[in-house]
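Remarks on the overall topology
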Amino acid sequence: MILEVLRFALRGLGANKLRTGLTTLGILIGVAAVITLVAVGNGSSKAIRDSIQRLGANTLTVTKSTTGRGGRFGGGGGGFRSGGAGAGADGQAAGPRTQARDLTMDDAKALVDKVNAPSVKSASPVVNAQQSTVTFGGASTSVGQFVGTTPSYLEAADRRIQSGSSFGDDDVAQGDRVAVIGSSVARDLFAGVNPLGQRFTASGVEFTVVGVLRASGSGSSGFQDADSVVIAPITAVRGTLAPYGGLSQILVEARDSSMVDRAQAEVTDLLDQRHDITGTAAADFQVTSQAGIQSAVADSNRTFTVLLGAVAAISLLVGGIGITNIMLVTVTERTREIGIRKALGAPRGAILGQFVAEATVLSLLGGLLGVVAGVVCSRFTIVGVKPVLVPSSIVLALGVSVAVGLLFGSLPAHRASRLRPIEALRHD
Amino acid sequence: MTATNLGTGPAPGPGTAMPVLDLRDVTKVYGADAAATAVHALRGVTLTVERGDYVAVMGASGSGKSTLMNIIGCLDVPSGGRYRLDGLDVGGLDERRLAILRNRRIGFVFQSFNLIPRMSALANVELPLAYGGVRRDERRRRALAALAEVGLSDRVRHEPNALSGGQQQRVAVARALVTAPTLLLADEPTGALDSSSTADVLAIFDRLSRSGRTLVVITHEEEVAAHAKRVVRLVDGRVADDRRRAPVDAPPPRLGHGPLEGAR
């Protein structure tokens, strides 16, 4: 009997193939959208996680804090202010606008301290040049980052030299105008020419290429192109391309990835002392670990994925309403048939079962095809993101689609089963 | 042709005393009983039909014959009075039991055929057996036999829209017979047919009657009523005339006069 009812349902669906196809399409799109969009969200989150990882898992970034204020300054700088910080830097920090002090070269030097900061392997001062267009001969290109720093930066930021060599501490001391360039810059600026030893110009300042970085491969992550970079001695960049004054940041490398937390505490203590931050005063600097960034990015990415999934779920719901709609039409259209079946002795359950089965077959078919479509779509790169399938989203989308069929099909089916045979037979 | 194997179930024996239909003062009122708008479709019909009888119920439109057909066919319940079908009081039955009753005891033939579109003649005839829970091969066998009885063995795979009106009605008759019901109930079975198809269907009814089936035919055509052993006329929801033209156990009066009979 159940088999018979199922056969009637399939025959009903087969009788109107276009309608069946379109209704199935509604569910198909919904399920495929859920699977694909969740995969895209997951994929982009993975890509970002990877590119953060590539920056180096055991580094800390110290930046000047613009929100925290050195409120406890008292006498405009205590005795700890010795150290002979750069005059320019001090000049800025002493300005009336804020009591917060800039990060200085000396801050960076002080962080490499075997006694007070045993977990810190290196600390590289970083300034970012404002000018980012470089020219060579007739060619010019804009670089994503023009970094002035010390040689330890390359190791801390996990930058490997492909050809040539890095600049040395001597170059930093003498302010030599030499530079290490990223693979994108080498390609764009020195097309076909070996860049080593060539001179390029940035804002009228000439730099000699001493090394080319290995491609980091993060160019396709939808993030900033990490290979569009020029790295030069901080002394050469300051005063020419970047103003004197505070550092953009200090990149601190911990001895080991397990020592990152300890290094963070040590760096904070040292800088608290140097910047006279005591007690409850808000610090004028901020120490960020990659782990912190990673978890922040992961959080925002989860939100992103949930939003994408929610949008897709709405389309699944719309598909479900499509099923209800088409089943209502079907029931109305086949009122006479229902009347005949009832007159011939079909019990209410058989009619109910037939229409619920029709709706469920529609949604199950759409769901299965949607899974196929979703899995196929996830094989392609979508807006620069390589989607990564989430198995639970497949199960969920399929389950929801079947539930949608049962739920949204039961209203029309119930209506059909309650029709009175004489009225149904009279229906045209 | 062998008239004795008409129908697919065991033919009811003539000795059964219990009447197939037993209506006692049956009334049917549409709308509230006391309200001025209430329509009294049946005003007290008392009718007994013996096993093997062939009854034509006649009446002008509005006489209540369709209402009577619905009540006899267990598609509707009476407002008052008592109705026994095959000795079973229909009054107290719920929808599920009424459905079972319709499936097992009654075979319907409608004016507009009421075959299910896009299903083959065979599938249409199998339908009541499917709802009756008959096994598949058994169903197939009985449906093919019923279609053979109405002369449509060569049309079993055709869908209704590929059949003529007369053929569709013969499929409908086969469907009504296939469960071997106690009562074959036809509502204006020839109303939508031309004269030759009408003769075909009436000839089939005659043969069914001769083989012992109980038939009740609702009609307004004298030509159809002339085939019945007994003619009941309804006027304004009451039985106005009840005339017997042949004994219950005799063959129907016009048997053998149909063109189908001669053609075979």
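Note that the structure is predicted; figures quoted are calculated from it, not measured.

1. Here's the deal with the overall build of chain B
When you go through chain B residue by residue, the secondary structure sums to 8 helices and 10 strands. Classification of the 264 residues of chain B by burial places 56% in the buried group. Considering only contacts in chain B between residues 6 or more positions apart, those separated by 24 or more positions represent 72%. By element, 48% of the accessible surface of chain B is carried by carbon and sulfur atoms, the whole surface being about 10800 Å².

2. Looking at the overall build of chain A
On a plain count of helices and strands, chain A comes out with 14 helices and 12 strands. Looking at the 428 residues of chain A, the share that counts as buried comes to 47%. The long-range share in chain A, meaning contacts at least 24 apart out of those at least 6 apart in sequence, stands at 80%. When the accessible surface of chain A is split by element, carbon and sulfur atoms take 59% of a total near 19600 Å².

3. A look at the confidence of the model for chain A
Summing up the model confidence of chain A, the mean pLDDT is 82 and the portion of residues at 70 or higher is 88%. Note that residues 68-98 of chain A has pLDDT below 50 and, in this model, 43 contacts with residues that lie over four places away or in other chains.

4. Brief notes about the pairing of strand S3 (residues 54-58) of chain B
Residue and element names in this part refer to chain B. Most of S3 sits out of view: 5 of its 5 residues are buried. The alternating pattern of S3 places Tyr54, Ala56 and Met58 on one face and Val55 and Val57 on the opposite face, and all of these are buried. Both S3 and strand S8 (residues 214-219) contribute to a ladder of 5 bridges, which runs parallel. The residue of S8 that forms the bridge with Val57 is Ile218. In the sheet, S3 pairs with strand S9 (residues 230-235) via 4 bridges, with the strands oriented parallel.

5. Some details on the sheet that holds S3(B)
Residues and elements named next belong to chain B. Taken together, 6 strands build an open sheet; the order of strands is S6-S7-S8-S3-S9-S10 and the sheet is mixed. A strand with exactly one partner marks an edge of an open sheet, and here the two such strands are strand S6 (106-109) and strand S10 (238-244). Strand after strand, the sheet turns through a mean of 20° between neighbouring axes, direction not considered. Against the sheet, helix H5 (residues 165-177) makes contact with S6 and strand S7 (183-187), and its axis sits at roughly 170° relative to S6, the strand it touches most.

6. Quick word on H5(B)
All names here are of chain B. Over its 13 residues, H5 runs 18 Å from end to end, which matches the ideal 18 Å to within 8%, given 1.5 Å per residue. Among the 13 residues that make up H5, 12 are buried, leaving the element largely enclosed by the rest of the structure. Among all positions in H5, only Gly166, Gln167, Gln168, Gln169, Arg170, Val171, Ala172, Val173, Ala174, Arg175, Ala176 and Leu177 are buried.

7. Some words on the environment of B:Ser79
Residues and elements named next belong to chain B. Along the chain, Ser79 turns up in the loop between helix H1 (65-72) and strand S4 (80-85). Taking the C-alpha atoms as reference points, Ser79 and Lys28, separated by 51 residues in sequence, lie 4.7 Å from one another. If sequence neighbours within four positions are ignored, Ser79 has contacts with Thr27, Lys28 and Val29. A polar side-chain atom of Ser79 sits 2.9 Å from the main-chain amide nitrogen of Val29.

8. Some thoughts on the sheet that holds strand S2 (residues 39-49) of chain B
Residue and element names in this part refer to chain B. Spatially, 4 strands are ordered S2-S1-S4-S5 in an open sheet, and the strand pairing comes out antiparallel. Lying at the two open borders of the sheet, with one neighbouring strand each, are S2 and strand S5 (88-89). Sheet topology places strand S1 (residues 21-30) next to S2; 8 bridges connect them, and they run antiparallel. Bridge pairing in S2 places Asp22 opposite Thr48. Relative to S1, H1 is tilted by about 120°, and along the sheet it contacts S1, S2 and S4.

9. Things to note about unusual backbone geometry
Residues and elements named next belong to chain B. If you check the backbone angles, Arg118 has positive phi at about 60° while not being a glycine. Considering the arrangement of structural elements, one finds Arg118 in the loop between S6 and helix H3 (121-131). According to the relative accessible area criterion, Arg118 is partly exposed, its value standing at 46%. In this structure, Glu188 takes a positive phi of about 45° despite not being glycine. Glu188 gets classed as buried once you look at its relative accessible area, which sits at 8%.

10. Section: the pairing of S9(B)
All names here are of chain B. Two strands pair when backbone bridges link them, and S9 and S10 are joined in this way by 6 bridges, in the antiparallel orientation. Within the sheet, the bridge partner assigned to Arg233 lies in S10 and is Asp241. Remark: 2 residues form the turn of the hairpin made by S9 and S10, two consecutive strands paired antiparallel; Asp236 in that turn has positive phi of roughly 50°.

11. Considerations on the nonpolar core
Buried together is how nonpolar side chains tend to be arranged in soluble globular proteins. One finds B:Leu21, B:Tyr83 and B:Leu85 to be the most contacted residues of the largest nonpolar core, which totals 72 residues. For this core, the leading source of residues is helix H12 (residues 348-377) of chain A, giving 7 residues. Ignoring sequence-local partners within four residues, the contact set of B:Leu85 consists of B:Val20, B:Leu21, B:Cys74, B:Val90, B:Leu101, B:Arg105 and B:Ile106. Ranked by size, the runner-up nonpolar core spans 59 residues in total, among them A:Leu103, A:Leu189, A:Leu213 and A:Ile250.

12. Topic: a nonpolar patch on the surface
Residue and element names in this part refer to chain A. On the surface, a nonpolar cluster with roughly 410 Å² of combined accessible area is contributed by Leu18, Leu22, Leu25 and Ile29. Topologically, Leu22 is positioned in helix H2 (residues 17-54). Overall, Leu22 belongs to the exposed group, its relative accessible area being 54%.

13. Section: the packing of helix H10 (residues 290-333) of chain A against H12(A)
Residue and element names in this part refer to chain A. Direction vectors running N to C along H10 and H12 enclose 145°, while the axes themselves pass 11 Å from each other. By crossing handedness, the relation of H10 to H12 is classed as right-handed. Residue-level inspection shows Ile323, Ile326, Met327, Thr330 and Val331 of H10 in contact with H12, the latter providing Phe355, Glu358, Ala359, Leu362 and Ser363. Here the residues of the contact of H10 with H12 are counted per class, giving 7 nonpolar, 2 polar and 1 charged.

14. Remarks on the interface of chain B and chain A
Tallying the contact residues gives 23 residues for chain B and 25 residues for chain A. Of the roughly 2200 Å² buried where chain B meets chain A, counting both sides, 59% is carbon and sulfur surface. Across the contact surface, chain B and chain A share 4 salt bridges. With a shortest N-O distance of 3.5 Å, B:Glu95 and A:Lys342 are connected by a salt bridge. Linking chain B with chain A are 8 residue pairs in polar contact (both at pLDDT 80 or more), by the criterion used here. Of all the secondary structure elements, the ones that give two or more residues to the side of chain B that touches chain A are helix H2 (95-105), H3 and helix H4 (136-149) of chain B. For the side of chain B that touches chain A, the element with the highest residue contribution is H3(B), accounting for 5 residues. The residue inventory of the side of chain B that touches chain A, partitioned by class, reads 12 nonpolar, 4 polar and 7 charged.

Parameters at a glance
Residues numbered from 1 in each chain as written. Chains lettered and ligands numbered in written order. Predicted model: local features only at pLDDT ≥ 70, side-chain atom pairs only at ≥ 80, totals over all residues. Heavy atoms only, no water. Helix = DSSP H or I, 4+ residues; strand = E, 2+ residues; numbered from the N terminus. Buried < 20%, exposed > 50% of the residue type's maximum accessible area, 1.4 Å probe, protein only. Contact = heavy atoms within 4.5 Å. Areas by Shrake-Rupley, 256 points an atom, 1.4 Å probe, with all protein chains shown as cover. pLDDT = per-residue confidence, 0-100. Pairing = 2+ DSSP bridges. Axes fitted to C-alpha atoms, helices over the stretch in contact; angles between N-to-C directions. Expected span 1.5 Å × (residues − 1). Polar contact = N/O pair within 3.5 Å; in protein donor to acceptor, adjacent residues only side chain to side chain. Core = buried A, V, L, I, M, F, W, Y, C linked by side-chain atoms within 4.5 Å. Patch = residues over 30% accessible without salt bridge, like charges linked within 9 Å, V, L, I, M, F, W, Y side chains within 5 Å. Salt bridge = Lys/Arg side-chain N within 4 Å of Asp/Glu carboxyl O. Left-handed = near helix turned anticlockwise from the far one by under 90°. Nonpolar A, V, L, I, M, F, W, Y, C, P; charged D, E, K, R; others polar. Buried area = accessible area lost by both parts, 1.4 Å probe.

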